[in-house]
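Residues per chain, in single letters:
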Amino acid sequence: MKKSYSIEEINSYLNGELIGTTTHLIEGPEQLQAAKSHHISFIGSIKYAKYWAASKACAAIVNDNLTMEPIDNKAIIKVKNADLAMAKVLELFNPPAPEFTIDIHPTAVIHDTAIIGKGCKIGANCYVGKDVELGDNVILYPNVCVFDETVIGENTVVWSGTVIRERCIIGSHCIFHTNVSIGADGFGYRPSEDGRGLVKIPQIGNVIIGHYVEIGANSCVDRAKFSSTIIGDGCKIDNLVQIAHNSVMGRFCIMAGHSGLAGSVTLGDGVIIGGSASIKDHTTIHSGATVGAGSGVVGDVEAGKTVLGYPAQDARDMLKQWVAMRQFMKKQ
Amino acid sequence: MKKSYSIEEINSYLNGELIGTTTHLIEGPEQLQAAKSHHISFIGSIKYAKYWAASKACAAIVNDNLTMEPIDNKAIIKVKNADLAMAKVLELFNPPAPEFTIDIHPTAVIHDTAIIGKGCKIGANCYVGKDVELGDNVILYPNVCVFDETVIGENTVVWSGTVIRERCIIGSHCIFHTNVSIGADGFGYRPSEDGRGLVKIPQIGNVIIGHYVEIGANSCVDRAKFSSTIIGDGCKIDNLVQIAHNSVMGRFCIMAGHSGLAGSVTLGDGVIIGGSASIKDHTTIHSGATVGAGSGVVGDVEAGKTVLGYPAQDARDMLKQWVAMRQFMKKQ
Amino acid sequence: MKKSYSIEEINSYLNGELIGTTTHLIEGPEQLQAAKSHHISFIGSIKYAKYWAASKACAAIVNDNLTMEPIDNKAIIKVKNADLAMAKVLELFNPPAPEFTIDIHPTAVIHDTAIIGKGCKIGANCYVGKDVELGDNVILYPNVCVFDETVIGENTVVWSGTVIRERCIIGSHCIFHTNVSIGADGFGYRPSEDGRGLVKIPQIGNVIIGHYVEIGANSCVDRAKFSSTIIGDGCKIDNLVQIAHNSVMGRFCIMAGHSGLAGSVTLGDGVIIGGSASIKDHTTIHSGATVGAGSGVVGDVEAGKTVLGYPAQDARDMLKQWVAMRQFMKKQ
């Protein structure tokens, strides 16, 4: 966070329209009300505009449909899309990742047969099993475990506490956050011979994860009963998400926190699953569909459709039902 | 996965009826559409039968009520129950677990007073506390922590990242997957003297887990306030499940992903809790009852009953209500 | 658990009214039906009174509105509030925490620049990064990771498997249970330039946690996009809870298991969130409000109000609706 920029530098970087100016050097972004004079802030809608006069921020990035005035030594940068500009400013001020004092820490336990790419960093107390292959520039933060024969693509980053079980295939440029579980056994049992107990069904498949996939803290992706549980390129998965065995996700799907796929669910491309939503086993959700937060999906969902509620149905119908139900019940 | 079998060997193992034959050696199971010529596949219902002709699988295990024809160099094995046969085939091809290069890794930190049974394997960077007792053949994969005075029965397997707190009693032949938390403090507070804050109530009990219990990745079983949180023999618990303090589960219960028991819940034997279902504190669910996925149970459930919805009620009633509600609201 | 007390000592400690007496020394609390003669038990309501005669417990703490008789060599202690007395008895018998054989374990990897307070204990295989500051008497159990520039206040206890990412600020007297994730990246993406993919928005903020905060096993608190995700003093968070980026919690809030705050949620002081409840992003729940278990809150909640259901509404209205709906549907 040592870097600082003049207002002109930031305006030039954003290709914006500078109104007024400030002599302050900008050291980072902050919300209008918490900002100090070395901060830049954002005003994406009219309802936040009222905080500008009192804010200590020396600058604000503003949607160009808003009429905002610069104030003495406080500048305005007008842009088409303040949200997008904010994302770019965050990239500018993104502090460096935690430092490795040494590339491969001597306390890491790495099997002789493991293949470690160029530029890899392996933190303290990691475990890397037999025949593991790490592509170039893979980063394992301290206390990561990667088991036998798993392959991880280049530039993938794995945070502490995450465990990747044996024989999984992980793409490049992925990010796995802390305490993620990849490749634990799927949940499968059969009645015992005497009908009074449960016998474990071996889960001999694996997990295959594409490129540019991000998986949130404490989320789980189970290995397949046989064949593979698959997560397509560019999928983004939030914290505490459950992906059960033999589910298959297309590309660029989003799953928000606490959501889950039961076994053998299929998602097309670009599917969005809201927080705490659950999808019944063997269900297919086609490309571009959206499942509202808290929903329970018990049947296939058509491409592009938005569903809501439990059991989930067309979102507009569900919203109408909720309104009608509330009004009707008031009369009872 | 090096093992391969002739079609005759597999047919004999399954005690099936072989129709046609194949010269291919079978190296593992695969889904019909992804299979190659060294794979065996499964056809449990008529809707998958159409994929058989185009599948590259050299063999398929088929329910004997289906009429399937062998094709040139592709064999059919007819069995009474293709699902059960599949489970047996998975056992046949179950690859060995990750290898330990040394039984007790030198980086594991094991207290002098711990008693380690014969044949135990303790991976890199494990921690085993004071007076812990591990039965014979217990396996702790790398980065497992077991705290003081905890006892683990023979042949139990604990995967990486799992933490078992002090004074717990774990049965034999259990499997705890990655990043499980056993014995963390129950969630209990009382108002502070001035009524404006919260004071922690000590959680001085423990967790007792029976034999043949499996607990999924990132699940939690809290220690009791006093006395014990108890999980009976043969219970199977999926990923991201919460079992709060002083809950007591009978034998052979199943809890699916994201489900949870609030404090002091009692389950009988053979209770099934669907995914994302929650059970209110101090509730009893009697033996053989089933709670549908996504339900919220707020009162006791009779033995053998199936409940659904929130608040959960008889499942047939709930389903009827959902249908009636949808139809009625359409008329509004 | 070696300590034992006479009935007179415990009565004096609780400032109760002793009825009858017992010669047994009391070694701990136990439920009436599981108790042995060295146990003390609790009777908070009349429905448990019937178990007293058959219980082997040598003593029971009883609410003074209950009429209970001592039995030969079994004493009664009458108190105003048996629950509160129980909490005090638990404090009396609270066994010591797991032992550290050495304060700073030699296998812990601690950066040269880290500042470690007096009386800190750091367990085996911990990782403490660059410029971390631990206040006096901080305890890190084995396999904890604390990343660069994070500050932890005095007397805070961090259990195994927990990871605290860089640049976070943690108060004093906190307890973080096992496998907690603090400071993982918030969940934020923007469409890629070609509109067909997703680009990660850097999450450059941090997490600030107050004093006396307890966070349950496998829970997650994400770092802010910029600025801070904030948890106020005295908040108590159960297991498997999700707190997304830029959420702000006041003081003494309670979040039960599996509950979650989506991004930029604001909680006032003393807010109670029931188990499995979810709060939509950018929502404000004002001080003293309660959200019922399993609810989905999609709009702001007034101070002191109790809401229930999905979408959540006034709890009494919701309960009435549920009853009316059930009755109405029965007639359909």
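No experiment lies behind these values; they were computed from the predicted model shown. Counting starts from 1 at the beginning of each chain's written sequence and moves along it residue by residue. By the order in which they are written, chains take letters starting at A while ligands take numbers starting at 1. Predicted model: local features are reported for residues with pLDDT of at least 70 only, side-chain atom pairs are reported and counted for 80 or more only, and whole-chain, interface and lining totals are derived from all residues. Side-chain measures here rest on the full set of heavy atoms in the structure, leaving out hydrogens and waters.

1. A short note on helix α3 (residues 82-93) of chain C
All names here are of chain C.
Move 1: Secondary structure is summarised from DSSP: a helix means a run of H or I of at least four residues, a strand means a run of E of at least two, and numbering begins at the N terminus for each. Expected helix span is given by 1.5 Å per residue-to-residue step, counting one fewer step than there are residues. For α3, which comprises 12 residues, the first-to-last C-alpha distance of 16 Å matches the rise-based estimate of 16 Å (1.5 Å per residue) to within 8%.
Move 2: Each residue is assigned to one of three classes by its accessible area relative to the maximum for its type, calculated with a 1.4 Å probe on protein chains only: buried under 20%, partly exposed between the two thresholds, exposed over 50%. Within the span of α3, buried status applies to A82, A85, M86, A87, V89, L90, L92 and F93.
Move 3: Throughout this description, a polar contact denotes any pair of N or O atoms lying within 3.5 Å of each other; where both atoms belong to protein, one of them has to be capable of donating a hydrogen while the other can accept it, and for residues adjacent in sequence the pair is counted only when both atoms sit in side chains. N-cap assignment for α3: the residue whose side-chain oxygen lies 3.0 Å from the backbone N of D83 is N81.

2. So, the interface of chain A and chain B
Move 1: Residue contacts follow a heavy-atom distance rule, with two residues in contact if any of their heavy atoms lie within 4.5 Å. Contact residues are listed per partner, giving 52 residues for chain A and 54 residues for chain B.
Move 2: Buried area is a sum: the accessible area each of two parts loses on coming together, probed at 1.4 Å, counted once for each and added. Taking both partners together, chain A and chain B bury about 4,600 Å²; carbon and sulfur atoms supply 63% of that area.
Move 3: Salt bridges are counted wherever a side-chain nitrogen of Lys or Arg sits within 4 Å of a carboxyl oxygen of Asp or Glu. Remark: the boundary between chain A and chain B carries 3 salt bridges.
Move 4: B:E214 is paired through a salt bridge with A:K200; the nearest N and O atoms lie 2.6 Å apart.
Move 5: Broken down by secondary-structure element, the contributors of at least two residues to the side of chain A that touches chain B are β18 (181-184), β19 (189-191), β20 (198-200), β23 (220-222) and α4 (315-331) of chain A.
Move 6: Among the elements that make up the side of chain A that touches chain B, the one with the highest residue count is α4(A) (4 residues).
Move 7: In this classification, Asp, Glu, Lys and Arg are treated as charged, Ala, Val, Leu, Ile, Met, Phe, Trp, Tyr, Cys and Pro as nonpolar, and every other residue, Gly included, as polar. Partitioning the side of chain A that touches chain B into residue classes produces 23 nonpolar, 18 polar and 11 charged.

3. Things to note about the sheet that holds strand β32 (residues 278-279) of chain C
Residues and elements named next belong to chain C.
Move 1: Strands are labelled as partners when DSSP assigns at least two bridges between them. Pairing in this open sheet of 10 strands is parallel, and the strands run β6-β9-β12-β15-β18-β23-β26-β29-β32-β35 from one edge to the other. This sheet does not close on itself; its edge strands, each paired only once, are β6 (109-110) and β35 (296-297).
Move 2: Where strand β12 (residues 145-146) meets strand β15 (residues 163-164), 2 bridges bridge the pair, whose relative direction is parallel. Within β15, the position partnered with V146 by the bridge is I164.

4. Focus: the UniProt feature "active site" (unreviewed entry) in chain A
Residue and element names in this part refer to chain A.
Move 1: UniProt positions are given in the numbering used here, feature names are shortened, and annotations may be inferred rather than shown by experiment. Annotation from UniProt places "active site" (unreviewed entry) at H245.
Move 2: Topologically, H245 is positioned in the loop between β26 (242-243) and β27 (248-249).
Move 3: Apart from the residues lying within four places of it in its own chain, the contact partners of H245 are G186, F187, G188, Q203, D222, R223, A224, K225, T229, G263 and S264.

5. Some words on the interface of chain C and chain A
Move 1: Facing 52 residues of chain C, the contacting portion of chain A comprises 54 residues.
Move 2: Both sides together, the interface formed by chain C and chain A hides about 4,600 Å², and carbon and sulfur atoms give 63% of it.
Move 3: Between chain C and chain A we count 3 salt bridges in total.
Move 4: Counting the contacts that link chain C with chain A gives 17 residue pairs in polar contact (both at pLDDT 80 or more).
Move 5: Counting residues per element, the side of chain C that touches chain A draws most heavily on helix α4 (residues 315-331) of chain C, at 4 residues.

6. Concerning the sheet that holds strand β2 (residues 28-29) of chain B
Residues and elements named next belong to chain B.
Move 1: Strands sit in the order β1-β5-β4-β3-β2 across an open sheet of 5 strands; the sheet is mixed. The two strands at the open ends of the sheet, each matched to only one other strand, are β1 (17-19) and β2.
Move 2: Note that strand β4 (residues 59-63) and strand β5 (residues 75-79) share 5 bridges and pair parallel. The residue bridging N63 from the neighbouring strand is V79, located in β5.
Move 3: Comment: axis = line fitted to C-alpha atoms, over the contacting stretch for helices; angle = value between 0 and 180 degrees taken between N-to-C directions. Here helix α1 (residues 7-14) sits on the sheet in contact with β1, β3 (39-43), β4 and β5, set at roughly 5° to β5.

7. Quick word on the UniProt feature "domain: Mannose-1-phosphate guanyltransferase C-terminal" (unreviewed entry) in chain A
Move 1: The residues that UniProt annotates with the feature "domain: Mannose-1-phosphate guanyltransferase C-terminal" (unreviewed entry) are residues 105-182 of chain A.
Move 2: For residues 105-182 of chain A, the end-to-end C-alpha separation is 23 Å, with 0% helix and 33% strand making up the annotated structure.

8. Details of the packing of aromatic side chains
Working definition: an aromatic ring pair is given by the centre-to-centre distance plus the angle between the planes.
Move 1: Aromatic contacts are taken between Phe, Tyr and Trp rings whose centres are within 6.5 Å, Trp giving its six-membered ring; a plane angle under 30 degrees counts as stacked, one over 60 as edge-to-face, and the others as tilted. Within this structure, the stated rule accounts for 27 aromatic pairs over all chains.
Move 2: Between A:Y310 and B:W322, the aromatic rings sit 5.3 Å apart at their centres with planes inclined by 70°, giving edge-to-face as the arrangement. One end of the pair, A:Y310, is in the loop between β36 (306-308) and β37 (313-314); the other, B:W322, is in helix α4 (residues 315-331), on a second chain.
Move 3: Considering the side-chain rings of B:F100 and B:Y141, the 5.2 Å spacing of their centres and the 35° angle between planes classify their relative orientation as tilted. With B:F100 in the loop between α3 (82-93) and β6 (109-110) and B:Y141 in the loop between β11 (139-140) and β12 (145-146), this pair connects stretches of sequence that are 41 residues apart.
Move 4: Among the aromatic residues, those joined into a cluster by ring pairs are A:F100, A:Y141, A:W159, C:Y127 and C:F147.
Move 5: Think of it as a cone above the ring: NZ of Lys or CZ of Arg counts as a charge over the ring if it is within 6 Å of the ring centre and within 35 degrees of the ring normal. Across the ring face of A:W52, the terminal group of A:K74 is positioned such that the distance to the ring centre comes to 4.4 Å.
Move 6: For A:R165, the ring lying beneath its charged end belongs to B:W159, and the centroid distance is 3.5 Å.

9. Re the domain arrangement of chain A
Move 1: Boundaries of every domain are those given by an automatic assignment or by a domain database. Taken domain by domain, chain A consists of domain 1 (7-93) and domain 2 (162-316).
Move 2: Computed over C-alpha atoms, the centres of domain 1 of chain A and domain 2 of chain A are 40 Å apart.

10. Looking at the relation of the copies chain C and chain A
Move 1: By a simple turn and slide, chain C fits onto chain A: the slide is 0.0 Å along the axis, the RMSD is 0.0 Å, and the turn is 120°. Given the turn and translation reported, the copies of this chain are related as if by a three-fold rotation axis.
Move 2: A distinct binding surface is used by each copy, with only 19% of the interface residues of chain C retained as interface residues in chain A. Least squares is the method used to superpose the copies, on C-alpha atoms of residues holding a pLDDT of at least 70 in both.

11. Focus on unusual backbone geometry
The bulk of non-glycine residues show a negative phi, and the bulk of peptide bonds are trans.
Move 1: Omega for the bond connecting A:Y310 with A:P311 falls within 30 degrees of zero, at -5°, which places this linkage in the cis form.
Move 2: Along the chain, A:P311 turns up in the loop between β36 and β37.

12. With respect to the relation of the copies chain A and chain B
The operation linking the two copies of the chain is a rotation about an axis combined with a translation along the axis.
Move 1: Laying chain A over chain B is done by rotating through 120° and shifting 0.0 Å along the axis; what remains is an RMSD of 0.0 Å.
Move 2: An asymmetric contact is evident, with only 19% of the interface residues of chain A recurring at the interface of chain B.

13. Overview of the pattern of salt bridges
Move 1: Counted under the stated rule, the structure contains 27 salt bridges over all chains.
Move 2: For A:E91, the salt bridge is made with C:R190, and the minimal N-O distance between the two is 3.6 Å. Taken together, the positions of A:E91 in helix α3 (residues 82-93) and C:R190 in strand β19 (residues 189-191) put the pair across two chains.
Move 3: One network of salt bridges, in which partners are shared, links A:R165, A:E166, A:D185, A:K200 and B:E214.

14. Let's talk about the environment of B:V271
Move 1: Mapped onto the fold, B:V271 is located in the loop between β30 (266-267) and β31 (272-273).
Move 2: Spatially, the C-alpha atoms of B:V271 and B:V157 are 24 Å apart, while their sequence positions differ by 114 residues.

15. Let's talk about the confidence of the model for chain A
Move 1: Per-residue confidence from the prediction method is given by pLDDT, with values spanning 0 to 100. Per-residue confidence for chain A averages 94 on the pLDDT scale, and 99% of its residues sit at or above 70.
Move 2: Among the prediction metrics, the complex's ipTM stands at 0.95, with pTM recorded as 0.96.

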